[in-house]
Amino acid sequence: MPITVVVGTQWGDEGKGKCVDVLAAKADAVVRFQGGNNAGHTLVVGGTKTVLHLIPSGALYDEVDCYLTRGVVIHPRTLLDEIRGLAECGISVSKRLFISQRAPLIMPWHLELDAAREGGEGAIGTTKRGIGPCYEQFAARQAIVAGDLLDPDRAVEKIERFYAERLAALKSLAREHGTDVDEYASVSQAVERFRRNYDDVYTEMVDYVCDVESILQRRIRNGDDLVLEGAQGTFLDVGMGTYPFVTSSHTTAAGACTGAGIAPRDLDSVVGICKAYTTRVGDGPMPTELDEDSAVGKHLREVGHEFGATTGRPRRCGWLDLNLLRRAVEINGCEKIVLTKLDVLSGLDELLVATDYDDDGQPIYETLPGWSQRITGVRHPSDLPSEARDYVQFIEDHIEALSCRIHQVSVGPDRDQIFSLRQET
Ligand code: IMP
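Residues numbered from 1 in each chain as written. Predicted model: local features only at pLDDT ≥ 70, side-chain atom pairs only at ≥ 80, totals over all residues. Heavy atoms only, no water.

A. Geometry of the overall build of the protein. Within the protein one finds eleven helices and 17 strands. Its C-alpha atoms give the protein a radius of gyration of 22 Å, within 12% of the compact-globule value 22 Å for 425 residues. Seen through its C-alpha atoms, the protein measures out along the principal axes to roughly 65 × 55 × 40 Å. Taking all 425 residues of the protein together, 58% fall into the buried category. (Helix = DSSP H or I, 4+ residues; strand = E, 2+ residues; numbered from the N terminus. Rg over C-alpha atoms; globule rule 2.2 N^0.38 Å. Buried < 20%, exposed > 50% of the residue type's maximum accessible area, 1.4 Å probe, protein only.)

Laid out in structure tokens, this is it:
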């Protein structure tokens, strides 16, 4: 399949990074189409762990090109730290990492605004990476974009014209929260800070900036295999998620089109990644959430290492919610699901799965038998305990009517801990 979109079907952290890494083995390029360094993709190869926040998960293959499109918000220092970190592991992205000239840059005041808002009553539990404020400034047609780094005076002009509005918002929040109104840079200080950062950091990004969206069009016409990598998950989509407890980008398959400038008809397949249970970080509704001190809640968090890759926050854990999965399959048009972290369920006596909600919005559960065996070494469906096979089948039965099937099952973080359920590709 030349153009494959990979999206999360829950609230992020479904294991997309690993699945993209597996798909990247056969791809020409991996393309990140939204989000920023609020995401964290943990990749494990031969037991060695690499955490990426911005650089696409294809980076670990020398021959795979990596694109950050206009839908991604870029924090320059994080990006450069990641490039250096990979270089220290012997992985060079020079000449194969490309950044869209249209991509908005996360500026210091975006982080300050995010933190200031999260310090007040409107907090929603963001990652405080400045993501929302950066997308806001972009939607207001005032963003400093990566292309501005080719002409820093243009960026300075934008700061002189637009920063005052952000400063006023920062001061107003400081007054509201009783914090120091004078702690924020004035317009001239913001310009000075930009020039300093330009010399120290931003200038290093210049070589990577180009017209990514046009290059991608050429590659599509050329028949190249592209994997479009989503960050976060369907229910964090700014439009279709659990608003206002969402991120500020379009995390769904349609976001791949707007985020990468690709036409819907050019997408060949949408793969949804679904964790075998549910997690969520930050505030907002989560119908199947378990008490964090309950035995099962603790089991999922500890065995599943459910702590944020970006912020280290413990994730909220709960049973699998098929209402969400069905909705995600519809919204994204998923034909295939990769079911991840099935191994984490080993050792639970029984498994609850939400199949519907009652009139009060409370989940209606069905109970399935659990299994005790470790399954991290399983590489063929017939080697799964029958209860695990039944669990997988139960999920598939609930999405088949939407022309979607479970394609692969992942039973551990390593690249090779994944297998197909049937022969088809
Ligand atoms: P923001 O994206 O930092 O603005 O945060 C908005 C919401 O999205 C918060 O609930 C975050 O916890 C959540 N969020 C952002 N990125 C991720 C992610 O990669 N995984 C899970 N949740 C995320």
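B. The arrangement of the environment of M107 in detail. Among the secondary structure elements, M107 is positioned in the loop between β6 (97-100) and α3 (108-118). Setting aside residues no more than four positions away along its own chain, M107 makes contact with I144, F194 and Y202. (Contact = heavy atoms within 4.5 Å.)

C. Structural view of the domain arrangement of the protein. Domain boundaries assigned for the protein yield domain 1 (3-96 + 211-420) and domain 2 (108-206). On a C-alpha basis, the centres of domain 1 and domain 2 stand 30 Å from each other. At the interface, 27 residues of domain 1 touch 17 residues of domain 2. At the boundary of domain 1 with domain 2, total buried surface from both sides reaches about 1,700 Å², with 64% on carbon and sulfur atoms. For the pair domain 1 and domain 2, the number of links is one salt bridge. (Domains from an automatic or database assignment. Buried area = accessible area lost by both parts, 1.4 Å probe. Salt bridge = Lys/Arg side-chain N within 4 Å of Asp/Glu carboxyl O.)

D. Spatial organisation of the site of the ligand. Near the ligand there are 15 residues, and of these D13, N38, T127, T247 and R313 occur at the shortest range. T247 is positioned with one of its side-chain polar atoms (N or O) 2.6 Å from an oxygen atom of the ligand. At a separation of 3.0 Å, an oxygen atom of the ligand approaches a polar side-chain atom of R313. About the coverage of the ligand: the protein hides 96% of its 470 Å² of free accessible area. Of the residues that constitute the shell around the ligand, the class distribution is six nonpolar, seven polar and two charged. (Near = heavy atom within 4 Å. Polar contact = N/O pair within 3.5 Å; in protein donor to acceptor, adjacent residues only side chain to side chain. Areas by Shrake-Rupley, 256 points an atom, 1.4 Å probe, with all protein chains shown as cover. Nonpolar A, V, L, I, M, F, W, Y, C, P; charged D, E, K, R; others polar.)

E. Focus on the packing of aromatic side chains. Tallying each qualifying case throughout the model produces six aromatic pairs. Here the aromatic rings of F194 and Y198 are separated by 6.1 Å at their centres, their planes lie at 35°, and the arrangement is tilted. Here the residue F194 and the residue Y198 both occupy positions in helix α6 (residues 187-200), the gap between them amounting to four residues, near one helical turn. Accessibility expressed as a relative area gives 3% for F194, which makes it buried. Taken together, the ring pairs connect F194, Y198 and Y202 into an aromatic cluster. (Phe/Tyr/Trp six-rings, centres within 6.5 Å; stacked < 30°, edge-to-face > 60°.)

F. Helix α10 (residues 322-332), seen in detail. Among the residues of α10, those classed as buried are L322, N323, L324, L325, A328, V329 and N332. In the segment just after α10, G333 is the residue with positive phi, at about 70°.

G. Summary view of the sheet that holds strand β17 (residues 418-420). Pairing is mixed in the open sheet, where ten strands are placed in the order β7-β6-β5-β2-β8-β1-β9-β13-β16-β17. Two strands close off the open sheet at either side, each with one partner strand: β7 (209-210) and β17. In terms of strand pairing, β6 meets β7 through two bridges, oriented parallel. Bridge pairing links I99 to V209 in β7. Running over the sheet, helix α8 (residues 253-260) touches β1 (3-8), β2 (29-32), β8 (226-229) and β9 (269-275) and is turned about 120° from β1. (Pairing = 2+ DSSP bridges. Axes fitted to C-alpha atoms, helices over the stretch in contact; angles between N-to-C directions.)

H. Seen up close, the nonpolar core. If you look at the biggest cluster of nonpolar residues, it comprises 59 residues, and the most contacted ones within it are V5, L228, I337, L342, L345 and Y391. Top element by residues in this core is helix α11 (residues 386-397). It accounts for five residues. Beyond its immediate sequence surroundings of up to four residues, V5 is in contact with F33, L228, A253, A256, L267, S269, V270 and V271. Ranked by size, the runner-up nonpolar core spans 46 residues in total, among them V93, A116, Y198 and V201. (Core = buried A, V, L, I, M, F, W, Y, C linked by side-chain atoms within 4.5 Å.)

I. Inspection of the pattern of salt bridges at higher detail. Within this structure, the stated rule accounts for 24 salt bridges. A salt bridge links R117 to E136, with the shortest nitrogen-to-oxygen separation between them at 2.8 Å. A residue pair is termed long-range when its members are at least 10 positions apart, and R117 in helix α3 and E136 in helix α4 (residues 131-139) qualify at 19 residues. Given the relative accessible area of 32%, R117 is considered partly exposed. On the basis of relative accessibility, which here comes to 38%, the residue E136 falls in the partly exposed class. Among the salt bridges present, the one from R166 reaches E165, with a minimum N-O distance of 3.8 Å. When salt bridges that share partners are traced, they join D13, K275, E306, R315 and K341 into one network.

J. Broad picture of a negative patch on the surface. A grouping of D356, D358, D359 and D360 is seen on the molecular surface, where their side chains present a negatively charged patch. Within the fold, D359 resides in the loop between β14 (350-357) and β15 (363-369). Residue classification places D359 among the exposed residues on the basis of a relative accessible area of 85%. (Patch = residues over 30% accessible without salt bridge, like charges linked within 9 Å, V, L, I, M, F, W, Y side chains within 5 Å. Lys, Arg positive; Asp, Glu negative; His and termini not counted. Charge placed at Lys NZ, Arg CZ, Asp CG, Glu CD.)

K. Spotlight on the environment of A276. Looking at where A276 falls in the secondary structure, it is placed in the loop between β9 and β10 (278-280). Given a relative accessible area of 0%, A276 falls into the buried group. C-alpha of A276 to C-alpha of V409: the two residues are 133 residues apart in sequence and 9.4 Å apart in space. With residues near it in sequence (within four places) discarded, A276 still touches L320, L339, T340, K341, L342, L345 and Y391.

L. Representation of the packing of helix α5 (residues 152-177) against α6 in the model. Look at α5 against α6: their axes get within 9 Å of each other, and the N-to-C directions meet at 140°. The angle between α5 and α6 places the two elements in the oblique class. Considering only the axes of α5 and α6, their crossing is right-handed. Counting all contacts with α5, which are made through P152, D153, A155, V156, I159, E160, Y163, A164 and L167, the residues of α6 involved are V187, A190, V191, R193, F194, R195 and Y198. Tallied by class, the residues present in the contact of α5 with α6 amount to twelve nonpolar, no polar and four charged. (Parallel < 35°, antiparallel > 145°, perpendicular 65-115°, else oblique. Left-handed = near helix turned anticlockwise from the far one by under 90°.)

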